[in-house]
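Notes for the structure review
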Amino acid sequence: MILERIPPRICSLFMLKAALRQAHSSSVRPQPVPPLLQTLQRYLTALEPLLPPEELEHTRGIVQKFGCPGGLGENLQRELIKRAEHSHNWISDWWVQWAYLECRQPLAVHSNPAISLPKRDFTDWRGQLVFASKLIAGLLDFKAQVDSGRLGVEYMRGQPLCMELFPQLFSSCRIPGPKHDHVIHYGRPRRGPAHITVVRNYQFFQLDVYNSDGTPLTESQIHAQLLRIRSQSWKTDKQPMGILTSEHRHTWGQAYTRLLRDKINKESVRLIEKSIFTLCLDSPVMRISDEKYSSRMAAQILHGGGTFSNSGNRWFDKTLQFVVGEDGSWGLLYEHATAEGPPIATLLDHVLDYCKKPDRMRAPLIPLPMPKKLYFYINSEIKWDLEMAKQNLDILINDLDIKCFNFQRFGKDLVKQLKLSPNSFIQVAIQLAYYRVHSEVCAACDIASLRMFRGGRTDYIRSPTNQMLSFIRAFDDDAVSREAKVQLLREAVDAYSILTEQSLMGQGIDRHLLGLKLQAIEEGLSVPRIFMDTAYGLATHWKLRTGQVPANTDSVMCFGPLVPDGYAVCYNPQQDHVHFSITAFNCCEETNAEKLALTLERSLHDLQELFQPTV
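Residues numbered from 1 in each chain as written. Predicted model: local features only at pLDDT ≥ 70, side-chain atom pairs only at ≥ 80, totals over all residues. Heavy atoms only, no water.

On to the state of the cysteines, then. Counting across every chain of the model gives zero disulfides. Unpaired in this structure, Cys103 has its nearest cysteine sulfur neighbour in Cys445, at a distance of 14 Å. Residue classification places Cys103 among the partly exposed residues on the basis of a relative accessible area of 27%. Not part of a disulfide, Cys442 finds its nearest cysteine sulfur in Cys445, a span of 9.6 Å. (Disulfide = S-S within 2.5 Å. Buried < 20%, exposed > 50% of the residue type's maximum accessible area, 1.4 Å probe, protein only.)

Structural data, given as structure tokens:
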């Protein structure tokens, strides 16, 4: 009945899109539930480098009891398989809820990843606005491809990848709640939001980016509107409302409720949440040495630099925030409940290609409405919330240690020539560096994309392995021959590559173990003993949070550590160099981002020398 009232052309478009979604959905496999005994055995193997023999034997008994025939593990596995048969994806919704929406830590630093991109060739506000106009136009062009179904299906190893995350990137926002958050998606192919949010000097503006006929604004039209926004935001707002979103989620949830009691505030907040994305026009920051520039810029994108810098130019709940500074720096901050690294990389590649093209579109000779400034009514309660948020954010920022560097001795080409996996090679180097600093190995997680499966998100690739530990212990031992070290390194790299393959094929252990635990909780059972065991706590205390973010440009991603006594290490391998970012918390006396960075550089150099012919 509804289709009869829709014009035939639009009706055909709807049916075409539905057919495309159906065709694509059927081409992507459902995510499998790994065999129970396989996961339990691999879990025990993963514990071997981390536990002394007596503790491992104790845990082995617990695991065997959990997985015995007719036992609790088998019953939970059976229910997981039923869940997989009747759900889009048996783990993704649980994962997003557990890992992100129920997490109460601030999004700033702890959750939202930042990507800092190569400096552009401008040094003032004029160049900033010209580039920002091009950036907006490129993003709208990408969105048009997503909305129309013209975005090509991506493939990995000959397999089609799930493309479901792309439409959710736009016009979406995380909403704080008292116990857990939720995500709202306002984007629809037709009649979705037609504006973006632009924030400058802590002031938010609604900028409509489509003409009355539905065509996107040209670059020159966008530029004219950004000039108008600049003219309306000369002075910095006294109250940086965006900083409220950097708070502890429970605290922000309470402040959010108070904020929305006022009609003006509610309208302003809703316009920010509904906007296609946010553009942050940052003010200049203090000049710094070239050596420290990349670290400073990564920090600016990640958290804004503090309450006396650009942190008020952020709305951390927003799925996509693009940051453009007056000095040519720029980047992207994204909210992790909705977005993942690979779709973001695809988006950035499109925008960077678009920015290389000249603007050939002529601006229509029609007047544009003035961008709408969003106002907030701030009573004494909200002012107090803001003061607390400012203090807490500055404490968090001062506690974060960031070190970015470009390792230039070699890149992935050399590692491939050695017939080794570049990612696995770098993972061994990271564990070697950690061992050299801390005289032990630790639980580490790398990220594997599960987009080969319908609705798939991620799983962990665990390290260290037994082979990695054997190599690390032998590497600085002069009694071990060079040939033996090379062989041990190859075995360590190969073992990690096998784990990577297992995770990519949906046979990792961490999401499966989490699913078993959450299934027990959903059934009202006590948390199984396997998850209350100290070994499980140790195995999931990720002192090394790592992530390879391969991109076609010299970008660097950064995010905060998962645990107070840990590190986050992110890297982008290029042909002849590798970009790294390392973060740690200053409050922990044992960790030091700069020390780990220097040790990692030396470790990579030492690994290269291992393959050099002896004189």
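More follows now that the structure is in view.
All right, on to the packing of aromatic side chains then. Counted according to the given criterion, the structure contains 21 aromatic pairs. With a centroid separation of 5.0 Å and 70 degrees between ring planes, the pair formed by Tyr460 and Trp542 is classed as edge-to-face. Of this pair, Tyr460 sits in strand 14 (residues 458–463) while Trp542 is found in the loop between helix 20 (534–539) and strand 15 (544–548), placing the two residues 82 residues apart along the sequence. Note on Trp542: relative accessible area 6%, which makes it buried. Grouping aromatic residues by their ring pairs yields a cluster made of Trp95, Trp98, Tyr100, Tyr460 and Trp542. A cation over an aromatic ring shows up here: Lys485 above the ring of Phe475, its NZ or CZ 5.8 Å from the ring centre. (Phe/Tyr/Trp six-rings, centres within 6.5 Å; stacked < 30°, edge-to-face > 60°. Helix = DSSP H or I, 4+ residues; strand = E, 2+ residues; numbered from the N terminus. Lys NZ or Arg CZ within 6 Å of the ring centre and 35° of its normal.)

Tallied over the full model, the rule gives 29 salt bridges. Between Asp317 and Arg249 there is a salt bridge; the shortest N-O distance is 2.9 Å. With Asp317 in the loop between helix 11 (290–303) and strand 9 (320–325) and Arg249 in helix 9 (residues 249–259), this pair connects stretches of sequence that are 68 residues apart. The pair formed by Asp317 and Arg249 is uniform in burial state, with each residue classed as buried. The network of salt bridges with shared partners includes Arg104, Arg174, Asp181, Arg249, Asp317 and Glu335. (Salt bridge = Lys/Arg side-chain N within 4 Å of Asp/Glu carboxyl O.)

Moving on, we get to the nonpolar core. Formed by 88 residues in total, the largest nonpolar core has its most connected members in Tyr43, Phe425 and Phe580. The biggest single contributor to this core is helix 15 (residues 422–438), with nine residues. Membership of the second largest hydrophobic core comes to 51 residues, among which are Ala132, Leu281, Phe322 and Leu348. (Core = buried A, V, L, I, M, F, W, Y, C linked by side-chain atoms within 4.5 Å.)

We now examine the UniProt feature "active site" (unreviewed entry) in the protein. Residues annotated in UniProt with the feature "active site" (unreviewed entry) correspond here to His336. Residue placement: His336 occurs in the loop between strand 10 (330–334) and helix 12 (341–355). Judged by its relative accessible area of 11%, His336 falls in the buried class. Other than its neighbours up to four places away in sequence, His336 contacts Tyr100, Ser111, Asn112, Pro113, Arg457 and Arg545. Here the side chain of His336 touches Ala339 through a polar contact of 3.0 Å, landing on its backbone oxygen. (UniProt positions renumbered as here; feature names shortened; annotations may be inferred. Contact = heavy atoms within 4.5 Å. Polar contact = N/O pair within 3.5 Å; in protein donor to acceptor, adjacent residues only side chain to side chain.)

What the domain assignment reports for the protein is domain 1 (114–400) and domain 2 (408–507 + 541–610). Put simply, the middle of domain 1 and the middle of domain 2, counted by C-alpha atoms, are 32 Å apart. At the interface, 33 residues of domain 1 touch 26 residues of domain 2. Both faces considered, domain 1 and domain 2 share a buried interface measuring about 2,400 Å² in area, 56% of it formed by carbon and sulfur atoms. The largest contributions to the domain 1 side of the interface with domain 2 come from Arg157, Asp399 and Leu400, which together make up 23% of the buried area. On inspection of domain 1 and its partner domain 2, the count reaches three salt bridges. Between Arg157 and Glu501 there is a salt bridge, with the nearest N and O atoms lying 2.0 Å from each other. At the junction of domain 1 with domain 2, the criterion picks out 12 residue pairs in polar contact (both at pLDDT 80 or more). For the side of domain 1 that touches domain 2, the secondary-structure elements that each account for two or more residues are strand 1 (114–117), strand 3 (159–160), helix 7 (165–168), helix 11, helix 12 and helix 13 (380–399). By residue number, the principal contributor to the side of domain 1 that touches domain 2 is helix 12, which donates five residues. Of the residues belonging to the side of domain 1 that touches domain 2, the class tally is 22 nonpolar, five polar and six charged. (Domains from an automatic or database assignment. Buried area = accessible area lost by both parts, 1.4 Å probe. Nonpolar A, V, L, I, M, F, W, Y, C, P; charged D, E, K, R; others polar.)

Within the element layout of this structure, Gln239 appears in the loop between helix 8 (219–231) and helix 9. On the accessibility criterion, Gln239 (16% relative accessible area) is buried. Setting aside residues up to four positions removed in sequence, Gln239 forms contacts with Ile378, Lys383 and Leu386.

This part covers the packing of helix 2 (residues 36–47) against helix 3 (residues 53–67). Running from N to C, helix 2 and helix 3 point in directions that differ by 170 degrees, and their axes come no closer than 11 Å. With respect to helix 3, the axis of helix 2 lies roughly antiparallel. Contacts from Leu36, Leu37, Leu40, Tyr43, Leu44 and Leu47 in helix 2 reach Leu56, Thr59, Arg60, Val63, Phe66 and Gly67 in helix 3. In terms of residue class, the contact of helix 2 with helix 3 is built from nine nonpolar, two polar and one charged. (Axes fitted to C-alpha atoms, helices over the stretch in contact; angles between N-to-C directions. Parallel < 35°, antiparallel > 145°, perpendicular 65-115°, else oblique.)

The next point concerns helix 2. Every α-helical turn comprises 3.6 residues, leaving residues that sit three or four positions apart pointing alike. Taking 1.5 Å of rise per residue, 12 residues should cover 16 Å, and helix 2 covers 17 Å from first to last C-alpha, within 8% of that figure. Listing the buried residues of helix 2 in full gives Leu36, Thr39, Leu40, Tyr43, Leu44, Ala46 and Leu47. Along the axis of helix 2, the buried residues cluster in a sector spanning 160 degrees; they form a single face. Contacts made by the buried residues of helix 2 are with helix 3, helix 4 (72–85), strand 14, helix 18 (510–522), helix 19 (529–532) and helix 20. (Expected span 1.5 Å × (residues − 1). Arc of directions from axis to C-beta.)

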